[in-house]
Structure formats: structure tokens, C-alpha cells
Amino acid sequence: MKRLENKVAFVTGGSRGMGAAISKRLASEGASVVLTYSKSPDKAEAVASEIKNNGGRALAIEADSADPQAVINAVNQTVAEFGKVDIIVNNAGIYIGKVFEEHTLDDYEQLMGVNVRAVYAASLAAVKYLPAGGRIITIGSNMADNAVSQQTTLYTMSKSALSGFTRGLARDLGPKGITVNLVQPGPINTDMNPSDTELADFLRGRMALAEYGTGDDVAGLVTFLASEEGKFITGTAITIDGGLNA
Ligand code: NDP
């Protein structure tokens with residue numbers, strides 16, 4: 001018996017990086033998976049095709065996380081297509097790195113829109129449908145607890161907001177038997193944070209395990225939280241960062 005048989009999962013930003021790995025792993029455990037994308041339709045379709053070719057059920061939906069209504073529509077479409085939603089994974093995120101003096105209010109709107117407002121919107125839409133045993137899992141960052149380097153102020157602020165969101169919502173949804181958790185990755189080799197840069201060398205020098213993680217490392221943790229084995233974990237942040245924050 002697979003761990004997520006008969007479950008329906010909704011993953012934002014499933015076209016590349018961690019979101020693609022999470023989508024595939026949830027599907028390999030038996031979940032039907034809806035994954036959203038904004039700029040990478042071909043990659044999103046490739047993830048959905050791979051899942052279907054392996055005998056699973058998947059659907060890729062264009063939904064720009066900068067547009068909260070698009071995210072809400074995508075959750076509703078998930079239920080229209082698959083009849084329910086059990087697990088939502090708020091994964092889509094962006095990083096804007098520059099000296100603080102060069103930041104603009106547009107940067108704030110853009111980054112907070114994708115990294116925070118979309119998480120709120122997807123969760124709000126999903127709460128109408130999530131059953132007892134439902135899961136809300138959000139991808140934050142180890143940087144919520146340790147800014148690590150310069151030029152991270154806006155990103156770090158956005159990821160810290162997710163900590164409060166997770167704790168509050170866990171209390172609100174606990175009586176319904178729904179868990180709410182935050183996964184805080186550290187350096188993971190993706191387009192957002194490739195492992196072959198100067199920054200990567202700097203980060204490796206500060207990690208207990210001087211190696212970048214993979215999307216699969218994060219997908220394993222997300223799958224555990226989504227499964228029955230994770231049922232007593234709620235309202236918390238689990239950091240998966242190779243010991244960068246140790
Ligand atoms: P990538 O940049 O590699 O991939 C981002 C994914 O999110 C893509 O599928 C992309 O889809 C999607 N996405 C981005 N913007 C939007 C949007 N506006 N609407 C819908 N989808 C969007 O990032 P990672 O996989 O590295 O990051 C995943 C999450 O993990 C993010 O929340 C990030 O902040 C967090 N994180 C990453 C770390 C790392 O080291 N990589 C460390 C800590 C946290 P598309 O191309 O279709 O737009």
C-alpha cells in the first residue's frame with residue numbers, strides 16, 4: 001500500500017526545482033497531483049506527463065502566484081477535476097537579491113505577493129475542502145531564522161511571515177484534524193540557488209554537511225509530513241539545511 005493512495009495533492013510551482021521533485025514524489029506514493037506554473041508550461045507538462053507515464057494522475061495548471069485569484073481558481077479547479085483536495089503544498093517562491101537601497105515598492109509587492117499572499121490565498125481556498133487528516137505544508141527557508149548573508153532582507157522577511165502563519169493556522173485548523181507545517185530548506189541545488197556559484201562556496205563553508213541538498217531531499221520530508229506518519233506534527237517549522245543554521 002502506497003502512503004498517499006487515494007489522496008489529492010495541490011502543489012504550487014511544480015514545474016521546476018523542489019516543486020517538481022515534490023510533485024513526482026507525492027505521485028509515486030499514490031497521490032493524484034495538480035501542479036501550478038507561471039512561466040514554464042513545457043516543464044510543467046513534462047512533470048505531469050512523467051507522473052501519468054508512471055501510472056499516476058496529474059494535471060498542470062497555469063496559475064501565476066502573483067495573482068491571488070488565479071491561485072484560488074487553481075484550487076477550485078483541482079476539486080472540480082479530482083473531486084477533492086487533501087494536501088496542499090505552498091512551494092512557489094521567488095528571490096530578489098540586491099542592496100537594500102535599490103529596493104522598490106514594486107519589489108515588495110512582487111515578492112510578498114508570491115511568497116506570502118499566494119500562500120494565504122491557496123490555504124484560504126483549500127480550507128473549504130480539506131477533510132480531517134488534511135495537510136497544509138508550506139516551503140519557507142532556513143533564512144527565516146538566520147539571514148546568512150547580505151541582500152536577503154525582503155526574502156527573509158517573507159519567509160519569516162510564514163512562521164507566524166503556520167503557527168496561527170495550526171491552532172485554527174487543529175480542531176478539524178488538519179495539520180499545518182512549514183518546511184525550511186537551506187541550500188538546495190535548483191535554478192534559484194545553483195550549487196556551482198561563489199555564493200554556493202560561501203554557504204558550503206558554513207554548513208555542518210558541506211554539501212548542497214536536492215529537491216528529492218525536501219520531497220522526502222514533505223511526503224512524510226503529508227502521510228499518516230506525520231499526523232501528530234503541526235504548527236511547527238522543520239529545517240532541512242545540511243546544518244547551515246546549526
Ligand atoms: P526554482 O526557482 O528552482 O523554482 C521555482 C518554482 O516556482 C518553479 O516551478 C516556478 O514555476 C514556480 N514559480 C515561481 N514564481 C511563480 C509564480 N509567480 N507563479 C507560479 N509559480 C511560480 O526555486 P526552488 O525550487 O529552489 O524553490 C522552491 C521554494 O523553495 C521557494 O519557495 C523558495 O523560496 C524555497 N527555497 C529554496 C531554496 C534553495 O536553496 N533553492 C532554499 C530555501 C527555500 P515557473 O517557472 O513556471 O514560473
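Keep in mind that what you see is a predicted model, and the values were worked out from it rather than measured.

Conventions and cut-offs
- Residues numbered from 1 in each chain as written.
- Predicted model: local features only at pLDDT ≥ 70, side-chain atom pairs only at ≥ 80, totals over all residues.
- Heavy atoms only, no water.
- Helix = DSSP H or I, 4+ residues; strand = E, 2+ residues; numbered from the N terminus.
- Rg over C-alpha atoms; globule rule 2.2 N^0.38 Å.
- Buried < 20%, exposed > 50% of the residue type's maximum accessible area, 1.4 Å probe, protein only.
- Contact = heavy atoms within 4.5 Å.
- Areas by Shrake-Rupley, 256 points an atom, 1.4 Å probe, with all protein chains shown as cover.
- Lys, Arg positive; Asp, Glu negative; His and termini not counted.
- Charge placed at Lys NZ, Arg CZ, Asp CG, Glu CD.
- Near = heavy atom within 4 Å.
- Polar contact = N/O pair within 3.5 Å; in protein donor to acceptor, adjacent residues only side chain to side chain.
- Nonpolar A, V, L, I, M, F, W, Y, C, P; charged D, E, K, R; others polar.
- Phe/Tyr/Trp six-rings, centres within 6.5 Å; stacked < 30°, edge-to-face > 60°.
- Core = buried A, V, L, I, M, F, W, Y, C linked by side-chain atoms within 4.5 Å.
- Axes fitted to C-alpha atoms, helices over the stretch in contact; angles between N-to-C directions.
- Parallel < 35°, antiparallel > 145°, perpendicular 65-115°, else oblique.
- Left-handed = near helix turned anticlockwise from the far one by under 90°.

> Any details on the overall build of the protein? Residues and values, ideally.
Scanning the protein from N- to C-terminus turns up seven helices and seven strands. Along the protein, helices (α) and strands (β) appear in the sequence β-α-β-α-β-α-β-α-β-α-β-α-α-β when read from the amino end. For 246 residues, the compact-globule estimate of 2.2 N^0.38 gives 18 Å, and the C-alpha radius of gyration of the protein, at 17 Å, lies within 12% of that figure. Principal-axis analysis of the C-alpha atoms places the extent of the protein at approximately 45 × 35 × 35 Å. Sorting the 246 residues of the protein into buried and exposed places 50% on the buried side. Contacts spanning at least 24 positions in sequence make up 73% of the contacts within the protein whose residues lie at least 6 apart. When the accessible area of the protein is evaluated, it comes to approximately 11500 Å², of which 50% is carbon and sulfur surface. For the protein, the centre of its 22 positive side-chain charges and the centre of its 27 negative side-chain charges are spaced 8 Å apart.

> Any details on the environment of isoleucine 72? Residues and values, ideally.
Within the secondary structure, isoleucine 72 is located in helix H3 (residues 68-82). According to the relative accessible area criterion, isoleucine 72 is partly exposed, its value standing at 23%. Those residues in contact with isoleucine 72 that sit more than four places away from it in its chain are Ala121 and Ala125.

> Can you explain the side chain of threonine 78? Please cite residues and give values.
The residue threonine 78 is located in helix H3 in this model. The residues touching threonine 78, leaving out its near neighbours within four places in the chain, are Val8, Phe10, Val34, Gly83, Lys84 and Val85.

> Tell me about the environment of phenylalanine 232, residues and numbers included.
Following the sequence through the fold, phenylalanine 232 ends up in the loop between helix H7 (215-226) and strand S7 (237-240). On a C-alpha basis, the gap between phenylalanine 232 and threonine 179 in space is 8.0 Å, while along the polypeptide they are 53 residues apart.

> An account of the site of the ligand is requested, with residue identities and associated values reported.
Contacts to the ligand come from 31 residues, most closely from Ser38, Ser40, Asn91, Tyr155 and Thr190. The contact in question runs from an oxygen atom of the ligand to an N or O atom on the backbone of glycine 186, over 3.4 Å. Across the shell around the ligand, the residue classes break down as 13 nonpolar, 13 polar and five charged.

> Please set out the packing of aromatic side chains residue by residue, giving values where relevant.
Any two aromatic rings considered together are summarised by their centre-to-centre distance and by the angle between their planes. In this structure the tally under the stated criterion is one aromatic pair. Consider the rings of tyrosine 95 and tyrosine 155, whose centres lie 5.1 Å apart with planes at 80°: the pair is edge-to-face. Of this pair, tyrosine 95 sits in the loop between strand S4 (87-90) and helix H4 (105-127) while tyrosine 155 sits in helix H5 (residues 153-173), and the two are 60 residues apart along the sequence. By relative accessible area, tyrosine 95 is classed as partly exposed at 37%.

> Residue-level account of the side chain of threonine 152, with values.
Note on placement: threonine 152 falls in the loop between strand S5 (135-139) and H5. Beyond its immediate chain neighbours, meaning those up to four positions away, threonine 152 contacts Tyr95, Met143 and Ala147.

> Talk me through the nonpolar core; I want residue IDs and the actual numbers.
Ile22, Leu26 and Val33 are the most contacted members of the largest nonpolar core, which totals 31 residues. The set of elements that each furnish at least two residues to this core consists of strand S1 (8-11), helix H1 (17-28), strand S2 (32-37), helix H2 (41-53), strand S3 (58-62), S4, S5 and H7. Once residues lying within four places of it in the same chain are set aside, the contact partners of leucine 26 are Leu4, Ala9, Val11, Ala31, Val33, Val89, Thr223 and Ala226. Membership of the second largest hydrophobic core comes to 28 residues, among which are Ala70, Ala74, Ile136 and Ile178.

> Account for the packing of H1 against H7, with residues named and values stated.
Running from N to C, H1 and H7 point in directions that differ by 45°, and their axes come no closer than 8 Å. Here H7 runs oblique to H1, going by the angle between their axes. Both H1 and H7 take part in a crossing whose hand is right-handed. Contact with H1, carried on its side by Met18, Ala21, Ile22, Arg25 and Leu26, involves Gly215, Asp216, Val218, Ala219, Gly220, Val222, Thr223 and Ala226 of H7 and no other residues of that element. Counted by class, the contact of H1 with H7 contains eight nonpolar, three polar and two charged residues.

> Can you break down the packing of H4 against H5 residue by residue, with the values?
Two numbers describe how H4 lies on H5: the axes approach to 10 Å, and their chain directions differ by 15°. Classified by the interaxial angle, the pair formed by H4 and H5 is roughly parallel. In terms of crossing hand, the pair formed by H4 and H5 is right-handed. Every residue of H5 that contacts H4 at Asp107, Tyr108, Leu111, Met112, Asn115, Val116, Val119, Tyr120, Ser123 and Val127 is listed here: Leu154, Tyr155, Met157, Ser158, Lys159, Ala161, Leu162, Phe165, Leu169 and Leu173. When its residues are assigned to classes, the contact of H4 with H5 shows 15 nonpolar, three polar and two charged.

Remember that the coordinates give geometry; whether it matters functionally is a separate question.
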